[in-house]
Every structure is written in structure tokens, then in C-alpha cells.
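Survey of secondary and tertiary structure
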Amino acid sequence: MIDQQFINQVEVLDYLQHCKSIVPGFRKAYAFFYHPIYKEIQSVVISQESKSIKRLSSSSKELSDSIYKLRTSKLELQWVDESDIPFEQLSKSTNIQKKVFDELKHYILLLKTPNQWDGNQDLIYIFFKPDASNFGLKKLDSKLSTEQKNIIASLMQRSFAAFHTQRNQFQNENNQLREDYKLMGEQLKEMQIQKKVQKQNHHKKLAQYITYLMETEVNKLNLHLQLTQEAQLYIQNYDGPIEHIVKAVNKTVLMAYRVLGSIEGGILRIEEYFLKPHFAAEQHIASHSSIESIADSRYARTIQIMNRMENAARKVQAEGRTLSGSNVGQAMDSPISAPAISDAIKKHRKKIQSLCSEYPDEWILIRKSFKPVINALSA
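The written sequence of each chain sets the order in which its residues are numbered from 1. Note on the predicted model: pLDDT of at least 70 is required for a residue's local features to be given, and 80 or more for side-chain atom pairs to be given and counted; whole-chain, interface and lining totals, by contrast, use all residues. Hydrogens and water molecules were not included; the side-chain quantities draw on all heavy atoms of the structure.

**Side note on the overall build of the chain**
Numbering goes from the N terminus for both helices and strands, where a helix is a DSSP run of H or I of at least four residues and a strand is a run of E of at least two. When you go through the chain residue by residue, the secondary structure sums to 14 helices and 8 strands. Exposure is judged per residue with a 1.4 Å probe applied to protein chains only, and the accessible area is read against the type maximum: over 50% gives exposed, under 20% gives buried, and values in between give partly exposed. Among the 379 residues that make up the chain, the fraction classed as buried is 40%. Expressed as a percentage of contacts within the chain between residues at least 6 apart in sequence, the contacts between residues at least 24 apart total 61%. Put simply, the chain shows about 22400 Å² of open surface, and 51% of that area lies on carbon and sulfur atoms. Throughout, a residue-residue contact means that at least one pair of heavy atoms, one from each residue, lies within 4.5 Å. In short, Shrake-Rupley with a 1.4 Å probe defines the accessible areas, and a residue's cover is counted only from the protein chains shown.

Right under this line is the structure:
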């Protein structure tokens, strides 16, 4: 049995497989072809009863030489019988000769098809009955005339020629499609590389911009800036909106100046924990703004409350205080009491649950650390 993928690559085997549908009253057919891997002539057979192409035993050198002469001859098709076949005269011990041509009085049509690997013609032997029954003629016992044979041969040749054209067209289109996919893959890979490079350049320029602004603000205090390695890495990875950077830088420098108090050697040392409360808060504010524009108007008030609590909680955390209802309420832009926060959460509990389910990456701080919101989500 032969692998289907190999059949699709060797044209003569592809023809052989389609003989059942092309040839009226098909009985069996043999093919002799050049194998591109083993670099030798091989033989196969398919019959009406078999479902697949089967290999035959290897040919002798004499038989291979005879077939080679036929494969290199210019004659494209002919009718033959056992006595006209050169390899019929070989030793009766030849396995292929016994399997292929030990038949009684069959009319055999020899067709040829080009082999793309060695440039010669592969052979197809199609066995017909010696009468007209293959073609539905009334007189089943009438012998096929020379004229009828010529018509049959011409039809078979045209059928195979049409099949050859369709096959080549399909292969060309398939090859073109593979080439298109290859080009697309290369383009996508190049685009991904460019996108990565652009992102790296964007982060680099953004980090330079933040560092420049920070140096400017520190110089206004008659101090020199020193960024820790962790702070530099945090700045390099900042991916928030540009319009909020100036505000975040000002808050960071002032916070560090207040917390450090006495400055040794005129150097203001900026740690990562000075950056996070302000840069992270600005990123979350931008994120919340986009949510407000996407969410249903029924949730606008709830989103506003959640944003205010999240931003206030970040301020409280940055100052190192406990995330209590009182502290969070007082840290809001418009301060409110702890009972007022509890009341607002109670009124919007279902909407808070729905929003947190739909936006799992938002309001992380109050969802994990602020008890009034934690209780509302677990209720």
C-alpha cells in the first residue's frame, strides 16, 4: 500500500487512482514509474476490487531496461497485447511478468505521462475487455474495431490531458497559496518585531521624559536627583497616559521631599514606593475614564463612587495609614464620613457586584483591602 501524500506528488499514481472513475467498465491498471527517493523504476497495480494502490515486487534489471526504453520513446499511446510487450519475452520466473501479464487476450491501452523528477515518461497500462461491453453497445460479443480503439484511445488521452491540466492548475494555485501564507507569516513576524521595537523606543523616550521632568522639579528645590535601581525600572515600565506624567512627577518629588525631611549631601533619593502611589493612581484614573465611556449609563453613578474610593484608598496607602472607612472618606476630593461610605456601598451593592464581575482588573485595592467593599462583594 502506498502513502496518499506520495500519490498526490507522483502524477502517474494520481492518474491510476482516478482510473476507476475515468475508464468505462474499469477492471485494473498497472503503472511503471521512476521513484524520486529510491531513484529506481517501481511498479504498482489497482483493480476494481481493491480500494488502494498496491506495490508489486521489484523488477529485474532486464525488465527495468525494457521499461526505460518505453519511457524514453516518443510514442505517447498505443494498444498492445501480451505478444507486443517486450518484457513478456523475459523469463517466466519474473514475478512482475507473472502478476501483470499472465492474462488471456485482454486489450491493453498504454498511456504515458511525464515524470517531473527524471524528465522521462511514466507508463500506465489499462486493461479493457476485447469486446464493446465496456461502452454499453448492444452487441456485447462484437470485437472492438481499429476505429473504435482509436476513438477510445483519443478519449482516454484527452481525459488524462484535461486531468493533467486541472492537476497542474490546482498545484500552482496551492503553491501560490502556500507562498502567500509564507509572505503573510514573514510580514506578521516583521510587524511584531517592529511593534516590539516601537514599544521599547516608546518606553525609553517616556522614561527619559519622566526623568527629565523629575530632575527639573528636584533642581527647583536646589537639590540633585538620585533614582534607585528599582525606581529606574519602574519608570522604564510605565505605560500610562502622557498627559498625567507632569502631575505624577510633582506629587512624587514633593512626597519624597516631605518624607525624607533632612537631605544629606543635597541629594534627593527617589525610591520606587514614592513613585507608585502617584503614577499607578494616574493610570487607574485613565482606566476608569475609559470604563465610564463604555459602561451603561445606569452604572455611571456607581462607577464614579468606586473610582473615588479607589483613588482615595491609594492616597491613604501612600501615606502609610490604615484603609478604614474614616480615612478613605476623608481622603476623597470631597470628604465624606465612614457611615456615608457604608450607605453608598449598600445602595449600589448589586451594581458594584455586577461591575466587579464584568471588570475584574479594576478597583483592585478596595476590592482586596477595603472591608466595606469586600463585605459587599461577598454578600
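Here the narrative resumes.
**Here's the deal with the nonpolar core**
Where a protein is soluble and globular, its nonpolar side chains tend to be buried together. Leu16, Ile126 and Phe128 are the most contacted members of the largest nonpolar core, which totals 26 residues. Mapped by element, the contributors of at least two residues to this core are α2 (11–22), β1 (28–35), β2 (40–47), β5 (107–114), β6 (121–128) and α5 (146–220). Here, the term nonpolar core denotes a set of buried Ala, Val, Leu, Ile, Met, Phe, Trp, Tyr and Cys residues that are joined through side-chain atoms within 4.5 Å.

**Focus: the packing of α2 against α5**
Fitting a line to C-alpha atoms yields each axis, with helices limited to the stretch in contact; the angle taken between N-to-C directions then spans 0 to 180 degrees. One can describe the packing of α2 onto α5 by two numbers: an axis separation of 11 Å at closest approach and a directional angle of 125 degrees. Taken together, the axes of α2 and α5 are oblique relative to one another. Every pair of crossing elements has a handedness; the one defined by α2 and α5 is right-handed. The residues of α5 that touch α2, namely those facing Glu11, Asp14, Tyr15, His18, Cys19 and Ile22, are Met156, Ser159, Phe160, Phe163, His164, Arg167 and Asn168. Partitioned by chemical class, the residues of the contact of α2 with α5 number 6 nonpolar, 4 polar and 3 charged. By the definition adopted for this analysis, an angle is roughly parallel if under 35 degrees, roughly antiparallel if over 145, roughly perpendicular if from 65 to 115, and oblique otherwise. Here is the rule for handedness: rotate from the far helix to the near one, and if that takes an anticlockwise turn smaller than a right angle the crossing is left-handed, while a clockwise turn gives right-handed. All amino acids are sorted into three groups, where Ala, Val, Leu, Ile, Met, Phe, Trp, Tyr, Cys and Pro are nonpolar, Asp, Glu, Lys and Arg are charged, and the leftover types, Gly among them, are polar.

**Comments concerning the side chain of threonine 252**
Structurally, the position occupied by threonine 252 is in helix α7 (residues 245–260). The exposure class of threonine 252 is buried, given its relative accessible area of 0%.

**A short note on a negative patch on the surface**
To count toward a patch, a residue needs a relative accessible area over 30% and no salt bridge; like charges are then connected within 9 Å, while nonpolar side chains (Val, Leu, Ile, Met, Phe, Trp, Tyr) are connected within 5 Å. For this analysis, a salt bridge means a side-chain nitrogen from Lys or Arg found within 4 Å of a carboxyl oxygen belonging to Asp or Glu. Charged residues are defined here as Lys and Arg on the positive side and Asp and Glu on the negative side; His and the ends of the chain fall outside this count. By convention, the point assigned to a charge is CZ for Arg, NZ for Lys, CD for Glu and CG for Asp. A cluster of acidic residues, Glu179, Asp180, Glu186 and Glu190, forms a negative patch on the protein surface. For glutamate 179, the location among the structural elements is in helix α5.

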